[in-house]
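Listed below, chain by chain, are the residues.
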Amino acid sequence: MRSATVIGAGIGGLAAAVGLHRIGWRVAVVEQAAEIGAIGAGITLWPNALRALEALGFGARVRELGKPQESVGMRTSSGRWLSRLDGAEIERQLGRPMLGVHRAQLHQMLLDELPADALHTGVHVTAVGRDGAVPGLDLPPADLVIGADGINSQVRSQHWPDAPRPRHTGFAAWRGICERRERTEIGVSWGMGREFGLVPLVDGRIYWYVAMPAPEGARNPDERAFLREQFASWHSPIPELIDATPPKALLRNDIRHLGGRLKSYVAGNVALLGDAAHAMTPHLGQGGCQALEDAVVLVAACARYDEVTEALAHYDAERRPRTQQIARASYWAGRLGPFLTNPVAVALRDTAARLAPGSAAVKTFMRVSGWTPPPINGLTS
Ligand SMILES: Cc1cc2nc3c(=O)[nH]c(=O)nc-3n(C[C@H](O)[C@H](O)[C@H](O)COP(=O)(O)OP(=O)(O)OC[C@H]3O[C@@H](n4cnc5c(N)ncnc54)[C@H](O)[C@@H]3O)c2cc1C
């Protein structure tokens, strides 16, 4: 039986581990957090992520957890619609809906499919050998080591000593979840140098996020009061959503990305996956979706090739160009979109968004989300 050690139990690491388990590999997943999935935020899964989850056998389950978005649109800070696409039309053209999902539920869905003894929590990995050995843990030797340990990847630092470092973008993100029963449409609202996005979830709650300039590491004594003041004049329901969010349900992170491109996602039998390989800004909502695509391609390659090195060569060739292109597009989507501050540039941006035909927006969605997963030989559910 072939085996893998996976460092990191985020979306990418868990998806890869479940996929390998389902093609008959023995897996060990090592995670620093004591508890997995206690993550109070939502995530948008694009059609490409749904296809990835379907390929791993989660099609029906994720549709139960996710709320298909009825429409997708863009507004100004005063609430004027600049563009609006019907959710059914997106689904017709892209073949799948966009789903709003609670992260904790997505994690739980993946976790439920792992054998209980595969998971080792509360272990901060400081080094991992090419045989999958982790100091302090008694793990069986592994044929494959996967670094799925996020933007600050320890696996990357150890096995890719010349890799680019994570870089602060000059912006921070706030995320919250609140109760709101009234019908709300998914959408982003753009002001000068900042954005507010909201995503309805399946249980009637709303996941929302903010991105705006902030020094690295800065914190406010009361983040909710700070946001309330910053968005006081923005259109409804933005101030109401902030008010309705319990302070402890509010997350704040610096927005960082990998400050350059890796020359390979593979070093011997070690592979990087998800944010460890290509941490990107969140403006296209693709970081998690790409981690899921990575996992599927890696699992399919492991099922197809007898040699791990062959499988990894295929994985690298398949994933690096696409993910690095999307990371670049995501960076510019922020810079040329919500983060513009010059009033003339903002007016031009808004006019362009208003005049662009809906078909152009669908084409843009299509370029990113029109991805088809490879078949995974021998996958059992
Ligand atoms: C504000 C914001 C909004 C976003 N919205 C979206 C969205 O709508 N859609 C989307 O697809 N993506 C979105 N993303 C991106 C998405 O969250 C990430 O790309 C995704 O979570 C990456 O998954 P991952 O498994 O690669 O890494 P992570 O989720 O970072 O998981 C890494 C795991 O490794 C563990 N770990 C780290 N170091 C160690 C160590 N040394 N030892 C042991 N364990 C370790 C961590 O605890 C963690 O559990 C957003 C990101 C932000 C910041």
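I will try to describe carefully the structure that is included in this document.

E31, R103, V125, D275 and C289 are the nearest of the 29 residues found near the ligand. Between R103 and the ligand, the recorded distance is 2.7 Å, taken from a side-chain N or O atom to an oxygen atom. At 3.1 Å from a nitrogen atom of the ligand is found a main-chain nitrogen or oxygen belonging to G285. In isolation the ligand offers 1,000 Å² of accessible surface; the protein chains occlude 84% of this area. Elements supplying a minimum of two residues to the shell around the ligand: α1 (11-22), β3 (42-45), β10 (166-179) and α10 (287-304). Looking at the shell around the ligand residue by residue, the classes come out as eleven nonpolar, 13 polar and five charged.

Moving on: helix α11 (residues 308-335). The end-to-end C-alpha distance of α11 is 39 Å, a good match for the 40 Å that 28 residues give at a rise of 1.5 Å each. Where α11 bends most, at R319, the angle is about 30°, and the proline P321 comes one to four residues later.

On to the pairing of strand β1 (residues 3-7). Consecutive residues of a regular strand have side chains that alternate between opposite faces of the sheet. Of all the five residues making up β1, five are buried; the element is thus mostly covered by neighbouring parts of the structure. Burial of the side chains of β1 extends over both faces: S3, T5 and I7 are buried on one face and A4 and V6 on the other. Where β1 lies against strand β2 (residues 26-30), five bridges are found, and the strand directions are parallel. Bridge pairing in β2 places I7 opposite V30. After leaving β1, the chain enters α1 and then returns to the sheet as β2, a path that is right-handed. Where β1 and strand β9 (residues 144-147) come together, four bridges link them in parallel fashion. Each bridged residue has a counterpart across the sheet, and for A4 the counterpart in β9 is L144.

Rules used throughout
Residues numbered from 1 in each chain as written. Predicted model: local features only at pLDDT ≥ 70, side-chain atom pairs only at ≥ 80, totals over all residues. Heavy atoms only, no water. Near = heavy atom within 4 Å. Polar contact = N/O pair within 3.5 Å; in protein donor to acceptor, adjacent residues only side chain to side chain. Areas by Shrake-Rupley, 256 points an atom, 1.4 Å probe, with all protein chains shown as cover. Helix = DSSP H or I, 4+ residues; strand = E, 2+ residues; numbered from the N terminus. Nonpolar A, V, L, I, M, F, W, Y, C, P; charged D, E, K, R; others polar. Expected span 1.5 Å × (residues − 1). Bend = angle between axes of the 7 residues up to and from the residue. Buried < 20%, exposed > 50% of the residue type's maximum accessible area, 1.4 Å probe, protein only. Pairing = 2+ DSSP bridges. Right-handed = clockwise from strand over helix to strand, strands pointing away.

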